[in-house]
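# Coordinates in review
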Amino acid sequence: MAEAAVSSKIGLAPATLMVAGNMMGSGVFMLPANLATTGGISLIGWIVTMIGSVSLALVFAKLASINPAAGGPYAYTRMAFGNYMGYQTNLIYWLANVVGNVGLVVAGLGYLTPFFPELRNQWVLAFAQIAIIWLFIYINILGPKLVGRVQSFTTMFALLPIVGTAVLGWFWFSGGTYMDGWNVSGTGTFGAVASTLSITLWAFIGVESASVSAGVVENPARNVPIATVVGVLIAGVCYILSSSVIMGMIPNKELIASSAPFADAARVALGPVAGNIVAACAAIGCLGSLLGWTLLVGQTAKAAADDGLFANIFSKVNAKGVPAAGLAIVGLIMTIQVLLTVSPSASEQFGKIISIAVIMTLLPYIYSSISIKVIAYKQIPDKTYSLYVIIGILAAIYSLAALVGSDGEQTRWSLIFVIATVVFYSAAITRQREIAEHHITVGGKSPRWIRYIAVAATIIALVIMFWLSLGQNHDLRLLRRSPLPVAPTEQTAPPAGVPAATQAPAPALPQADAPAP
């Protein structure tokens, strides 16, 4: 049994690609257009964000090497600051990822719209999203090793247009085009750079992926730190080079209006066929990223349930060690969220979904950055300890700066939710007491039939999607190619106030025995 559990875990390469793939999901493919509103000066913002993200990566890597506990930000915050802070961190982080996951499936299917025009129908798109969600729930239930293999495959598709643009795009790069859009923000250098931080930070969310999923990584004390740092460096270099080269390929005003900057850059360089190929790769990359994030959501909820801070259903696992029941609950929440955020366009729905996800993710980042001062104390040499405390403070300051620069209304509601976690924590206290008094036990086996629910939900959503895409009206009336002929005896009453003489007579139907004209 132990050997089977080990064999189902993922190695260094899949873990590294999971970190890079989780970051290079939907965000990277829209970043050049988003940053074009500021201009080429966003390169400085990239450098600042790269420093902050590498600091976060080093913090998570060192924490994982000291204690490779599953759960990532939740586990480290709980160790450093106690059960309540751990509970708050996990609940915020878990919900932020559930919200962000729906954003990924929206973006992934949005890239497929040119190939499947029916996805422009908001309800067809909604049920396509639900089908993808439950399909990926099912794949995760089959085991983390399969998830690692699939995401390694899809990450390659995501890297193809990004790396291709970063390396080959320079042949079509124009320094004049780049400098003409250097700073179009209307503010000074400091203000322009500051405005890019929250945008660029979204691209690096996922830096903690390997540490959160440490429970399904082989030799986590060695592999998680390496996967974290290398994954961030891969993503960062690709981000900076590809965004910069696109700003020198497409004039600033055109880039701001672009809905697919990587595809547009490919069309400029190699024609429309290349643009379609890039769009397909973007869709595969987004959906592959969703697969990894689904794994992450299940693992962080399981870690909290194992500690008595989440309901026990999240800690029940199947033969592959996967919290299948918890994933089913995640799928249900995501399905409800899709139906509640249905919008006429994928971009509008994407904006609704991810607007608050970054803010909610920043708090766990700040807590984790400071927790290294507590967890690493007396665990590493003094000089190394002092260095990592400084790195942790830098990471926390960067995350706090990005939080301050976020939308005020969204930040206010996020703060209200954070305060409300005190009320929710009372249920966790009751559960922990019941565990301590042996009234309930943690863990258990997840029912096998849950996988069949995931398959059934996928099939039902696909059937509804195809039914909606077949041209049915909402009132179920048949659509005819031409109107039915009107019988000559049927008369239509003239509108009020219009003499009957002014009404044109209805054309007579040809008689069966009438000669052909």
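Here the structure is a predicted model, which is why all the values come from computation and not from measurement.

About the thresholds
Residues numbered from 1 in each chain as written. Predicted model: local features only at pLDDT ≥ 70, side-chain atom pairs only at ≥ 80, totals over all residues. Heavy atoms only, no water. Helix = DSSP H or I, 4+ residues; strand = E, 2+ residues; numbered from the N terminus. Buried < 20%, exposed > 50% of the residue type's maximum accessible area, 1.4 Å probe, protein only. Contact = heavy atoms within 4.5 Å. Axes fitted to C-alpha atoms, helices over the stretch in contact; angles between N-to-C directions. Parallel < 35°, antiparallel > 145°, perpendicular 65-115°, else oblique. Left-handed = near helix turned anticlockwise from the far one by under 90°. 1 Å grid on protein atoms, 1.4 Å probe; cavity = no way out; pocket = protein on both sides within 12 Å on 5 of 7 lines; lining within 4 Å. Points joined across faces, edges and corners; volume = space filled by probe spheres on them. Nonpolar A, V, L, I, M, F, W, Y, C, P; charged D, E, K, R; others polar. pLDDT = per-residue confidence, 0-100. Patch = residues over 30% accessible without salt bridge, like charges linked within 9 Å, V, L, I, M, F, W, Y side chains within 5 Å. Areas by Shrake-Rupley, 256 points an atom, 1.4 Å probe, with all protein chains shown as cover. Salt bridge = Lys/Arg side-chain N within 4 Å of Asp/Glu carboxyl O. Phe/Tyr/Trp six-rings, centres within 6.5 Å; stacked < 30°, edge-to-face > 60°. Core = buried A, V, L, I, M, F, W, Y, C linked by side-chain atoms within 4.5 Å.

### Some thoughts on the overall build of the protein chain
- If you tally the helices and strands in the protein chain, you get 21 helices and zero strands.
- Taken across its 517 residues, the protein chain has 52% of its residues classed as buried.
- In the protein chain, 82% of the contacts between residues at least 6 apart in sequence involve partners at least 24 apart.

### Brief notes about helix H14 (residues 261–270)
- Taken residue by residue, H14 has Pro 261, Phe 262, Ala 263, Ala 265 and Ala 266 as its buried positions.
- Downstream of H14 by one or two residues, Gly 271 has phi in the positive range, about 105 degrees.

### Some words on the packing of helix H7 (residues 122–141) against helix H21 (residues 450–468)
- Two elements in contact, H7 and H21, have axes separated by 8 Å at closest approach and are oriented at 160 degrees. Looking at the two axes, H7 sits roughly antiparallel to H21. The two elements H7 and H21 cross, and the hand of that crossing is left-handed. Contact residues: Trp 123, Val 124, Phe 127, Ala 128, Ile 130, Ala 131, Trp 134, Leu 135, Ile 137, Tyr 138 and Ile 141 in H7; Ile 450, Arg 451, Ala 454, Val 455, Ala 457, Thr 458, Ala 461, Leu 462, Ile 464, Met 465 and Leu 468 in H21.

### Details of the side chain of Lys 302
- When you line up the elements, Lys 302 lands in helix H15 (residues 272–306).
- With relative accessibility at 18%, the residue Lys 302 sits in the buried group.
- Excluding anything up to four places from it in sequence, Lys 302 contacts Phe 314, Ser 315, Val 317 and Pro 323.

### Quick notes on empty space enclosed by the protein
- Counted according to the given criterion, the structure contains three cavities of 30 Å³ or more.
- As for the second largest cavity, its lining consists of Ala 36, Gly 39, Gly 40, Thr 177, Tyr 178, Gly 181, Met 247, Ile 250, Asn 252 and Leu 255.
- When residues of the lining of the second largest cavity are traced back to their parent elements, those giving at least two are helix H9 (175–180) and helix H13 (252–257).

### Considering the packing of helix H8 (residues 144–168) against H15
- At their nearest, the axes of H8 and H15 sit 8 Å apart, and the two run at 150 degrees to each other. Viewed along their axes, H8 and H15 adopt a mutual orientation that is roughly antiparallel. With respect to the hand of their crossing, H8 and H15 are arranged in left-handed fashion. The segment H8 lies against H15, with Pro 144, Val 147, Val 150, Gln 151, Thr 154, Phe 157, Ala 158, Leu 160 and Pro 161 engaging Val 278, Cys 281, Ile 284, Gly 285, Gly 288, Ser 289, Leu 291, Gly 292 and Leu 295.
- Within the contact of H8 with H15, the residues separate by chemical class into 12 nonpolar, six polar and no charged.

### Observations concerning the confidence of the model for the protein chain
- Of all residues in the protein chain, 83% have pLDDT values of 70 or greater, and the mean over the chain is 80.
- The least confident element of the protein chain, judged by mean pLDDT, is helix H1 (residues 2–7) at 50; the most confident is H9 at 92.
- For residues 472–481, every residue scores under 50 in pLDDT, and the model assigns this stretch four contacts once sequence neighbours within four places are set aside.

### Concerning a nonpolar patch on the surface
- The grouping of Val 163, Val 167, Leu 168, Phe 171, Trp 172 and Leu 270 at the surface amounts to a nonpolar patch, some 640 Å² of accessible area in total.
- Looking at the nonpolar patch element by element, the count peaks at three residues for H8.
- Looking at where Phe 171 falls in the secondary structure, it is placed in the loop between H8 and H9.

### Details of the packing of aromatic side chains
- For the structure on display, the rule yields 17 aromatic pairs.
- With a centroid separation of 5.3 Å and 70 degrees between ring planes, the pair formed by Tyr 84 and Tyr 425 is classed as edge-to-face. Taken together, the residues span a long stretch of sequence, with Tyr 84 in helix H6 (residues 83–111) and Tyr 425 in helix H20 (residues 408–436) at a distance of 341 residues.
- Residue Tyr 84 is classed as partly exposed on the basis of its relative accessible area of 23%.
- On the basis of relative accessibility, which here comes to 14%, the residue Tyr 425 falls in the buried class.
- Here the aromatic residues Tyr 84, Tyr 87, Trp 94, Phe 310, Phe 314 and Tyr 425 are joined through ring pairs into a cluster of three or more.

### As for the pattern of salt bridges
- Scanning the entire structure with this criterion turns up three salt bridges.
- The partner of Arg 267 in a salt bridge is Asp 264, and the shortest N-O contact between them spans 3.0 Å. With Arg 267 and Asp 264 both in helix H14, this residue pair falls three residues apart, about one helical turn.
- Overall, the relative accessible area of 34% leaves Arg 267 in the partly exposed class.
- Measuring nitrogen to oxygen at the nearest pair gives 2.8 Å for the salt bridge that ties Lys 302 to Asp 306. Note that Lys 302 and Asp 306 are positioned in helix H15 at a spacing of four residues, about one turn of the helix.

### Brief notes about unusual backbone geometry
- With a phi angle near 45 degrees, Asn 219 is a residue other than glycine that sits in the positive phi range.
- If you trace the backbone, Asn 219 turns up in the loop between helix H11 (209–212) and helix H12 (220–247).
- Residue class for Asn 219 comes out partly exposed when judged on its relative accessible area of 45%.
- Positioned with a positive phi, Lys 378 is a non-glycine residue whose angle comes to about 65 degrees.
- Position of Lys 378 among the secondary structure elements: in the loop between helix H18 (357–375) and helix H19 (382–404).

### What to know about the environment of Asn 276
- Position of Asn 276 relative to the elements: it lies in helix H15.
- Placed 165 residues apart in sequence, Asn 276 and Tyr 111 show a C-alpha to C-alpha distance of 9.6 Å.
- Those residues in contact with Asn 276 that sit more than four places away from it in its chain are Phe 115 and Arg 267.

### Describing the nonpolar core
- Counting 146 residues, the largest nonpolar core has Met 24, Phe 29, Val 105, Tyr 239 and Phe 310 as its most contacted members.
- A total of 16 residues in this core trace back to one element, the largest contributor, which is H15.

### Some details on the environment of Ser 195
- Relative to the helices and strands, Ser 195 resides in helix H10 (residues 189–204).
- Put simply, Ser 195 and Ser 185 are 10 residues apart on the chain and 8.9 Å apart in space, counted from C-alpha to C-alpha.

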